[in-house]
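Remarks on the overall topology
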Amino acid sequence: MTTIRRFCCNDLLRFSSVNFDHLTETFNMSFYMTYMARWPDYFHAAVSPGDRVMGYIMGKVEGQGESWHGHVTAVSVASEFRRQKLAKKLMNLLEEISDKMDKAYFVDLFVRASNMPAIRMYEKLGYVVYRRVLRYYSGEEDGLDMRKALSQDVEKKSIIPLKRPITPDELEYD
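Overview of the structure. Predicted model, so just to flag it, every value in this text is computed and none were measured.

Section: the environment of Gln64
For Gln64, the position within the fold is in the loop between β3 (53-62) and β4 (69-77). As for Gln64 and Ala104, which are separated by 40 residues in sequence, their C-alpha atoms are 9.6 Å apart.

Here it is as structure tokens:
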């Protein structure tokens, strides 16, 4: 039986197999530790009965006013544990925390434009492409900014797509 719990420091030493996927961004240890310290409610691991890390989600809450939102920084599941709806469960948890606890207007994430399996999964979860960010990944590959409106955004204004692509320097970081 899979357990979903908060990500902890020990998991940093045991989750490398989840990051073997070439589409998964790997960050330095201090980056992960910052997320654990600042946004612990947004950092969870899916673990097996033997306490093996099967997948994780890392996110944060940011913005102001109607731009107050949950952000998925990374969600990844080890290849041998895919097709078990773990990513869906992790995404639902982050959405629930963003919506109910932090009263966010939407959840957003960035995905490589070439990562069609992930894009299809996000679309099934109710995400829409809000905008294309040119050369977002290492200055080479475009990224898609996908969003899902939450209950605070009654009029669904946060998911009205932009009509033109943007560049990374046009992104707003809070």
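A few points about the state of the cysteines
Enumeration according to the criterion identifies zero disulfides in this entry. Free of any disulfide, Cys8 has its nearest neighbouring cysteine sulfur in Cys9, separated by 7.0 Å. Using a relative accessible area of 30% as the deciding quantity, one classes Cys8 as partly exposed.

Quick notes on the sheet that holds strand β2 (residues 43-47)
Within a sheet, adjacent strands bond to each other through the backbone by hydrogen bonds, running parallel or antiparallel. One open sheet accounts for seven strands, arranged β1-β2-β3-β4-β5-β7-β6; its pairing is mixed. The sheet terminates laterally at β1 (3-6) and β6 (128-137), the two strands that pair on one side only. Averaged over all adjacent pairs, the angle separating strand axes in this sheet is 25 degrees, with direction ignored. With four bridges connecting them, β1 and β2 associate as antiparallel partners. Each residue of the ladder has a partner; that of Arg5, found in β2, is Ala45. Running at roughly 65 degrees to β3, helix α1 (residues 29-38) makes contact with β2, β3 and β4 of the sheet. Of the strands in this sheet, β4, β5 (106-112) and β7 (141-149) are in contact with helix α3 (residues 116-124), which crosses β5 at around 165 degrees.

Some remarks on the packing of aromatic side chains
A complete count under the given rule lists 14 aromatic pairs for this structure. Ring centres of Phe15 and Tyr32 lie 5.1 Å apart, and the angle between their planes is 85 degrees; this geometry places the pair in the edge-to-face category. Residue Phe15 is found in the loop between β1 and α1, and its partner Tyr32 is found in helix α1; the two are separated by 17 residues along the sequence. Relative accessible area serves as the criterion here: at 1%, Tyr32 is assigned to the buried category. Ring centres of Tyr136 and Tyr137 lie 4.9 Å apart, and the angle between their planes is 90 degrees; on these two criteria the pair is classed as edge-to-face. The exposure class assigned to Tyr137 is buried, which follows from its relative accessible area of 10%. Aromatic ring contacts, followed pair by pair, group Phe7, Phe15, Phe27, Phe31, Tyr32, Tyr35, Trp39, Phe43 and Tyr56 into a single cluster. The positively charged end of Arg147 is found above the aromatic ring belonging to Tyr130, 3.6 Å away from the centroid.

Conventions adopted
- Residues numbered from 1 in each chain as written.
- Predicted model: local features only at pLDDT ≥ 70, side-chain atom pairs only at ≥ 80, totals over all residues.
- Heavy atoms only, no water.
- Helix = DSSP H or I, 4+ residues; strand = E, 2+ residues; numbered from the N terminus.
- Disulfide = S-S within 2.5 Å.
- Buried < 20%, exposed > 50% of the residue type's maximum accessible area, 1.4 Å probe, protein only.
- Pairing = 2+ DSSP bridges.
- Axes fitted to C-alpha atoms, helices over the stretch in contact; angles between N-to-C directions.
- Contact = heavy atoms within 4.5 Å.
- Phe/Tyr/Trp six-rings, centres within 6.5 Å; stacked < 30°, edge-to-face > 60°.
- Lys NZ or Arg CZ within 6 Å of the ring centre and 35° of its normal.

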